[in-house]
Amino acid sequence: MVGLPYDCLANPLGAVRLTFEKAVASGYDPAVLQGKDWGAAELFRQFLSDDDYLSQVPMLSPSTLKWVLPNSLVRFRGMIQDMLGNEFYVGAYKNGDTWRTNKFADASHSPMQTSLDMQIWERHLLYCIPVPGQNVWAESSQEAVRYPQTNLISLQRDKRPREDEGIMGDVDMMEFDANEDSQNSKKMREDDSSLEPLPMPQTLSVGTFSNLSLVPDTDRNTFSCLVKMYDTAESEIKLNDIFEFVGILTYDSELPENRVDNDEFTQSICEDELVHMPPSKVPRIHCITHRKLAANDFLSGPALELMPNTAKELREALMGHLTTVLGNDRVAAQYMLLHLLSRVHTRVDSVAVGKFSLNLTCLNKESMPVFGNNLKLAIESLLPLTRTLPITINYLNTISLTPKKDYNTNRLAFGFLQLAEGSHLTIDETQLQAGTLNATGVDNARVLKSLIESQMVEYDFTYYKMEMPVDVQLLILSEGKSHILPGDLILPLRPSSAEAPLTVDEDILKAWRWYLGTMKSLSHSIDPDMQKVVEDDLVAARRADRSLGSMEFSRLLTMGRLVSISFGESHLSKEHWQMVKELETIRKERLDEKV
């Protein structure tokens, strides 16, 4: 008995079909199990569990697409921008007395005739785009220069005598007889030598995919993928989730868009999707395995050990950097750090608990190129997903910020506010001048207000509107208090110098990124004794100022949580609660000075 050398990287379809044939021979019935995994997905999961093999799988991008071979294994990181429904496809059929499968493929590897044995299976269609606002440093570091060489080796290996086939022999997921090994290895190479186009699958969604202009204008040349999902419950995926997909690439830049297909079965089962979303423009990935990503998954570098001293040292270093960026305003740096650590950690009715939007004021056209630009660059260097929205009357009156359903194409048109969880959005209001908002402008202002107040974004489906919960950090930069965008907290900036921040070493930046990501995810609680102290202080504050309400108290508790986790602590202490009160005293003094 010897191990079968599955070439999961260069010829994944061969591995899929060989495992299918083995499963059928062992009693797997395609007519009964309706496409349920027969072991192929587990084969690839075990293959990818080895970091050495995973590192050889190319990360699909505009640059790698130029050399990655069709029908090879690829990875793609993206956000689900639209869910296109389900589609039927010919999953299994008989070629004579032998069962064949088309799972994970757009083409049949042997002649296929309509018959009663033909099995129609189902898969999900996802339209995925590069994650909006993903910064350059957050691009996957595993896109190595050795990939082209890896594919060339795979090509050359197929032309060598079979004694070299043992290169992949250590991927021994199943065992076969030596004679069986010889025959199957030959079949695995021959299977893909002649691919017959499949009858195009039938999409359950009404309409077409005709308008590619609906793709958002991202930083990476509107690169997008049509991901086909198998063996995945719809409840596991949702709009705006970020995933890393590993699957089989289908892409042909020379494939004619207007293909004439005389096959009667093809015409009866569906429309020709090549016309509406051609593989020459939008690559397909037949997903074999996937994992959901959070913003922290875009961080690179070794994780540090979470120790109190480590957190305090990193906090102080980062505070020094933010203080310099903000013109030596250490109070503003304190609030900025809390803002960068904030997240929505729970929802109570319509209240997003944990949000901490910050409105920095006293910024104008003269100071924005200095402090505004320095702050923008600093945030981009620290957080993986950041976007900036410059607000003007003309912009609000002409651009739709929310995603909108286009029923002519049955597509969800991208809107600027369609953001992934954990994104940071800076709204620049310093260019805003007096003017009149039209209906579109009023609607955009209302949508932005809803985003800030309740962390909800409204999606326009023409006949109705639906609010979608989000978790986006919001920073508003303005000259005076923003009347359009009321932040949770207003802080006048008080810079005392305009020194340019020093260039920060990349290793230090990685440590700060780790600090922000790790501290943000810490759990937090208030011990009973400390809870009594907080309650007494809030009661005293209410007696002194009757205008204080539940929202102000909620904000103070949020600040207490953020101050604690900024030191790496999971419980609120008297020291940290005192810091909150002192910061708020200074902030209110600044607001009184401004008035």
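Each remark here, short or long, concerns the structure printed above.
Conventions used here
Residues numbered from 1 in each chain as written. Predicted model: local features only at pLDDT ≥ 70, side-chain atom pairs only at ≥ 80, totals over all residues. Heavy atoms only, no water. Helix = DSSP H or I, 4+ residues; strand = E, 2+ residues; numbered from the N terminus. Expected span 1.5 Å × (residues − 1). Buried < 20%, exposed > 50% of the residue type's maximum accessible area, 1.4 Å probe, protein only. Core = buried A, V, L, I, M, F, W, Y, C linked by side-chain atoms within 4.5 Å. Domains from an automatic or database assignment. Contact = heavy atoms within 4.5 Å. Pairing = 2+ DSSP bridges. Salt bridge = Lys/Arg side-chain N within 4 Å of Asp/Glu carboxyl O. Patch = residues over 30% accessible without salt bridge, like charges linked within 9 Å, V, L, I, M, F, W, Y side chains within 5 Å. Areas by Shrake-Rupley, 256 points an atom, 1.4 Å probe, with all protein chains shown as cover. Phe/Tyr/Trp six-rings, centres within 6.5 Å; stacked < 30°, edge-to-face > 60°. Lys NZ or Arg CZ within 6 Å of the ring centre and 35° of its normal.

A. A look at helix H14 (residues 506–520). With 15 residues, H14 should reach 21 Å at 1.5 Å per residue; the first-to-last C-alpha distance of 21 Å fits that figure. Here H14 lies mainly inside the structure; 11 of its 15 residues are buried. Every buried residue of H14 is listed here: Leu 509, Ala 511, Trp 512, Arg 513, Trp 514, Tyr 515, Leu 516, Gly 517, Thr 518, Met 519 and Lys 520.

B. Summary view of the nonpolar core. One finds Tyr 335, Met 336, Leu 360, Leu 375, Tyr 515 and Leu 516 to be the most contacted residues of the largest nonpolar core, which totals 56 residues. Shared between two domains, this core holds at least three residues of each, these being domain 2 (308–505) and domain 3 (522–595). In this view, Leu 375 contacts Val 325, Leu 326, Met 336, Leu 360, Leu 475 and Leu 477; residues no more than four positions away in its chain are not counted. In terms of nonpolar packing, the next biggest core, distinct from the first, is built from 42 residues, Leu 249, Leu 389, Leu 396 and Phe 461 among them.

C. Main features of the pairing of strand S18 (residues 423–428). The element S18 is largely enclosed, with a buried count of six among its six residues. Here S18 shows a buried face lined by Ser 423, Leu 425 and Ile 427 and a second buried face lined by His 424, Thr 426 and Asp 428. Here five bridges tie strand S15 (residues 386–390) to S18, and the two strands are oriented parallel to one another. The partner of Leu 389 across the bridge, within S18, is Ile 427.

D. Up close: helix H1 (residues 12–25). Between its first and last C-alpha atoms H1 spans 20 Å; for 14 residues at 1.5 Å apiece the expected length is 20 Å, and the two agree. Buried residues dominate H1, accounting for 11 of its 14 residues. Inspection of H1 places Pro 12, Leu 13, Gly 14, Ala 15, Val 16, Arg 17, Leu 18, Thr 19, Phe 20, Glu 21 and Ala 23 among the buried residues, and these make up the whole buried set.

E. Summary view of the pattern of salt bridges. Taken as a whole and judged by the stated rule, the model has 27 salt bridges. Between Asp 329 and Arg 590 there is a salt bridge, and its shortest N-O distance comes to 2.8 Å. Note that Asp 329 is positioned in the loop between helix H9 (308–325) and helix H10 (330–341) and Arg 590 in helix H17 (residues 574–594), a separation of 261 residues in sequence. Overall, the relative accessible area of 10% leaves Arg 590 in the buried class. Taken together, the shared-partner salt bridges connect Arg 75, Arg 77, Glu 244 and Arg 291 into one network.

F. Region of interest: a nonpolar patch on the surface. A surface patch of nonpolar side chains, about 470 Å² in accessible area, is lined by Tyr 407, Tyr 463, Tyr 464 and Met 466. Of note, Tyr 464 is situated in the loop between strand S19 (456–460) and strand S20 (465–469).

G. View of the packing of aromatic side chains. Enumeration over the complete set of coordinates arrives at 11 aromatic pairs. A ring pair is formed by Phe 76 and Phe 223, whose centres lie 6.0 Å apart and whose planes are at 65°; its orientation type is edge-to-face. In this pair, Phe 76 sits in strand S2 (residues 73–95) while Phe 223 sits in the loop between strand S8 (202–203) and strand S9 (225–229), placing the two residues 147 residues apart along the sequence. One exposure class covers both Phe 76 and Phe 223, and it is buried. Both rings, one in Tyr 407 and one in Tyr 463, keep their centres 5.4 Å apart while their planes meet at 50°; by these two values the pair is tilted. Of the two residues, Tyr 407 is situated in the loop between strand S16 (404–406) and strand S17 (411–413) and Tyr 463 in the loop between S19 and S20; the sequence distance between them amounts to 56 residues. A network of ring pairs unites the aromatic residues Tyr 89, Phe 104, Trp 121 and Tyr 230 as a single cluster. Positioned above the aromatic ring of Phe 298 is the side chain of Arg 77, whose terminal nitrogen or guanidinium carbon lies 5.5 Å from the ring centre.

H. Representation of the pairing of strand S21 (residues 472–477). Among the six residues that make up S21, six are buried, leaving the element largely enclosed by the rest of the structure. Alternating positions in S21 separate into two faces, Val 472, Leu 474 and Ile 476 on one and Gln 473, Leu 475 and Leu 477 on the other, with burial throughout. With three bridges connecting them, strand S14 (residues 358–361) and S21 associate as parallel partners. Residue pairing for S21: Leu 360 is matched across the bridge by Leu 477.

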